[in-house]
Amino acid sequence: MEKTIEYGKPEYFENRELSWIKFDRRVLNEARDKTIPLLERLKFVSITSSNLDEFFMVRVASLKDMQHAGVKKADIAGMDASQQLEQVNKDTRELVNLQYSTYNRSLLPLLNQENIFIIDAYENLTDEQAAFVDDYFENEVYPVLTPMAVDASRPFPLIRNKSLNIAAIIESTGGGLLMHKQSEPDEEEEDADSDSDFTQAEKELKEAKELKEGREKKHKKKKKDSEEKKPEFATVQVPSGLARLVPVPSKNPEEKVFILLEQVIEKNIDKLFSNYKVVCAYPYRIMRNADFSIDEDEAPDLLKEIQKQLKKRQWGEVIRLEVEEGIDKKLLEVLTEELHVENEQDIFYINGPIDFTFLMKMYGLEGCDHLRYEPHKPQPVPEIMLGENIFEAIQNGDILLHHPYQSFEPVMELIRQAADDPQVLAIKMTLYRVSGHSPIIASLAQAAENGKQVTVLVELKARFDEENNIVWAKKLEQAGCHVIYGIVGLKTHSKIALVVRREEEGIRRYVHLGTGNYNDSTAKLYTDCGVLTCAEAVGEDATAVFNMLSGYSEPLSWNSLAVAPIWLRRKFLKLIRREIKNAKDSKPAYIRAKMNSLCDQEIIEALYEASAAGVKIQLLVRGICCLRAGIKGVSENIQVRSIVGNFLEHSRIFDFCNDGHAEVYMGSADWMPRNLDRRVEIVFPVLDEELKKKALHILDVEFEDNVKAHILQPDGTYEKIDKRGKVLINSQEIFCHEAEIAVPKLEKAYQERVFVPAEPVD
């Protein structure tokens, strides 16, 4: 009898939050890699800091909510919220310590070697530089600041989420408007009428008694005040509208000298509190719970409800307090009491500048090209010549797009040409995150003004993009577009655009399906794939998707698309089980999958079953991975790798052997419960054989990467591949090169042509 293996044991799974911290550790390792240019390394430190902020605002906040609610339910790794918080606290502290150790001991000295200096104290400035900085404070900074004292008449102010502030203890030196006390009312005059009935003797006796009681009361109050008196506190926000890196002139023209804005303010903080002595001043920063939830069934207007909830983010519970190492104890006591920070584990003592995101500003330093990678320019797509009618290009055959190696321009061009084409009747698309000045938004608005029927689903619940999406939604409505604000209870995360065009043969539908957002900015930084097609079966499915989003119509079946939340989980499990059956029948069987995150228990258990059946499984998981590799009898046939490089790996590609007849899928969904059960996602097959070869080539190269890949070990750690004696394979560099050589020479010459104005003839 075949032994049944329990694949759902907690020890077979990694905790989601701890896996995420390991991912941020891999990002930080790029900052520690000596083979990477210096400013690129600074960029990775900034990214880890930004990542950590979001992790606390959302994931740690969610765990704290569970802890407050007394939820004892364990996750797939067997840990309840309190246990997770305890381990998260330990691991994040180690990560932060490594961040600052990397910055202080490695990156700062290397910057100094390049004549780039970030001054960490006023004492390190020359007299001329100090005078410049003081003058800068007087003229540029002082007018912007709003010092906030805290006393009986002025309550502790709202400290905004993620804002950098300076707290101070101050002591009065006497005098000044604030110290002037209103004189007490003349008691004798005030009580004259009431005392009129008393005899003079009784009056004197009464006054003597009141004087004695007053002295005793005053003595008690003085004693109580001396015992309970708190230090006088003040705070000032470091203005986000001013550059945090302040350039300071140097006599050496080769030097680039900077000082941080908070140090400029801290040094001059006494000028904000006249008639007070500043005892001490230290910077601090807080992180609030930003994980709000909405009862969509009860919300009469989703847009207004989200706008209301966004304001509450600034009042959320403080879940992390960052203070400078060595902060005055009394000052810290005031901060923790007023901010309601009750647990010591929520306080982080920082050995350096608080909030490393400012390092991203250093990336663009002028005259430092040798400290950066040579910038990659996204290449034209060979199948679409410059100025060509994009509809005719798509009619010639399906087109695979691979960003950022290839340009995002064809996607924008599809919407741009559709907006002006008199044969186009309708445009429909989903928008999850778009750029600040999105050309796609402009084209959609133009299309509506040109009389096209434009339907846009703008997902208002895209975390931290809610405000941006609300602005775009309103602008599109004003232009005449029909705007849908998502589906109740679900996020619409799918990436699909549909253009309906009347042609000689009749109505033809052009579809773009992708793995990434319709964002022209991130398309230069994230690796994503997309397909342009006018295949009839895909067009029918696309129409069904939008009918489902805008109404209540659910198709009985799909031609080719797999859509969450109803059909996608079943589709993936069916594909995995087919590989299990083929392996048991001694047929070829493998699974290769690339995604951002893997944490769905049912999918992981199916992969364990496939591994135990002999299916070879290769997984490329950039971020969270709750699967454990190398467990004897469970996951011995599973290899997990993560690529962290110059571009953020964002595409989702799935390859199933199918007895030697590979089935390849791409889409918007990771293998996470939220993608499979709580979002509208689309996964689409790559049907064209040439496109399928290209998609398989992407996976081939990435699974051979030995420069940027980290391999998951049986103990849960990630290690880079030993490159000794091997040909170096950096997948991102290879794709950049391939995209460049694929462009026809004629197209390249047209792109690089420079028109020089003729010189005037004498």
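A quick note: this is a predicted structure, and the numbers were derived from the prediction, not measured.

Cut-offs used in this document
- Residues numbered from 1 in each chain as written.
- Predicted model: local features only at pLDDT ≥ 70, side-chain atom pairs only at ≥ 80, totals over all residues.
- Heavy atoms only, no water.
- Helix = DSSP H or I, 4+ residues; strand = E, 2+ residues; numbered from the N terminus.
- Buried < 20%, exposed > 50% of the residue type's maximum accessible area, 1.4 Å probe, protein only.
- Areas by Shrake-Rupley, 256 points an atom, 1.4 Å probe, with all protein chains shown as cover.
- Pairing = 2+ DSSP bridges.
- Axes fitted to C-alpha atoms, helices over the stretch in contact; angles between N-to-C directions.
- Expected span 1.5 Å × (residues − 1).
- Polar contact = N/O pair within 3.5 Å; in protein donor to acceptor, adjacent residues only side chain to side chain.
- pLDDT = per-residue confidence, 0-100.
- Contact = heavy atoms within 4.5 Å.
- Phe/Tyr/Trp six-rings, centres within 6.5 Å; stacked < 30°, edge-to-face > 60°.
- Lys NZ or Arg CZ within 6 Å of the ring centre and 35° of its normal.

What follows deals with the overall build of the chain. Regarding its fold elements, the chain presents 22 helices and 27 strands. Burial statistics for the chain: of 762 residues in total, 52% are counted as buried. Surface accessibility of the chain: about 38,100 Å² in total, with carbon and sulfur atoms responsible for 49%.

The next subject is the sheet that holds strand E8 (residues 318-324). With respect to topology, six strands assemble into an open sheet ordered E2-E4-E3-E7-E8-E9, the strand pairing being mixed. The open sheet has two edge strands with one neighbour each: strand E2 (148-150) and strand E9 (347-350). Looking at each pair of strands side by side, their axes are set apart by 30° on average, direction ignored. Sheet topology places strand E7 (residues 276-288) next to E8; five bridges connect them, and they run antiparallel. Bridged to Arg-285 within E8 is Glu-322.

Helix length check: helix H20 (residues 689-704) (16 residues) gives 23 Å between terminal C-alpha atoms against 22 Å at 1.5 Å per residue, within 8%. Looking at H20, one finds that the buried residues are Leu-691, Lys-692, Ala-695, Leu-696, Ile-698, Leu-699, Val-701, Glu-702 and Phe-703.

The terminal C-alpha atoms of helix H1 (residues 16-31) lie 24 Å apart, and with 16 residues this matches the ideal 22 Å at 1.5 Å per residue to within 8%. Where burial is concerned, most of H1 is hidden: 13 out of the 16 residues are buried. Between the side-chain oxygen of the N-cap and the backbone nitrogen of Glu-17 there are 3.0 Å, and the N-cap of H1 in question is Asn-15.

Time to look at the confidence of the model for the chain. Close inspection of predicted coordinates is inappropriate in any region flagged by low pLDDT. Of the residues in the chain, 86% reach a pLDDT of 70 or more, and the chain-wide mean stands at 88. Contacts of residues 178-198 to residues separated by more than four positions or lying in other chains number nine contacts, the stretch itself having pLDDT below 50.

Of all the five residues making up strand E10 (residues 399-403), five are buried; the element is thus mostly covered by neighbouring parts of the structure. Here E10 shows two buried faces, one formed by Ile-399, Leu-401 and His-403 and the other by Leu-400 and His-402. Note that E10 and strand E17 (residues 526-533) share five bridges and pair antiparallel. Bridged to His-402 within E17 is Cys-529.

With that out of the way, let us pick up the packing of aromatic side chains. Within the structure shown, the criterion is met by 20 aromatic pairs. Measuring from centroid to centroid gives 4.4 Å for Trp-20 and Phe-55, while their planes differ by 5°, and the two rings are stacked. Of this pair, Trp-20 sits in helix H1 while Phe-55 sits in helix H2 (residues 38-68), placing them 35 residues apart in sequence. When sorted by exposure, Trp-20 lands in the same class as Phe-55, which is buried. Over the ring of Tyr-718 we find Arg-26; its NZ or CZ atom is 3.9 Å from the centre of that ring.

Going from His-403 to Pro-404, the amide bond is cis rather than trans, its omega being 0°. Here Pro-404 shows up in the loop between E10 and helix H13 (409-420). In the segment running from Ala-564 into Pro-565, the intervening peptide bond is cis, with an omega of 10°. Of note, Pro-565 is situated in the loop between strand E18 (562-564) and helix H17 (568-584). Non-glycine residue Lys-162 carries a positive phi angle of around 70°. Along the chain, Lys-162 falls in the loop between E2 and strand E3 (164-172).

For the rest of this paragraph, the subject is the pairing of strand E25 (residues 679-685). Within E25, seven of the seven residues are buried, which leaves the element mostly enclosed by the surrounding structure. Neither face of E25 is open: one carries Arg-679, Glu-681, Val-683 and Pro-685, the other Val-680, Ile-682 and Phe-684, and all of them are buried. Where strand E14 (residues 491-492) and E25 come together, two bridges link them in parallel fashion. Among the inter-strand pairings, Lys-491 is bridged to a residue of E25, identified as Arg-679. Looking at chain direction, E18 and E25 are connected through three bridges and run antiparallel. Looking across to E25, one finds that Ala-562 is bridged to Val-683. Relative to E25, strand E24 (residues 663-667) runs antiparallel, the two sharing three bridges. Along E25, the bridge assignment pairs Tyr-665 with Pro-685.

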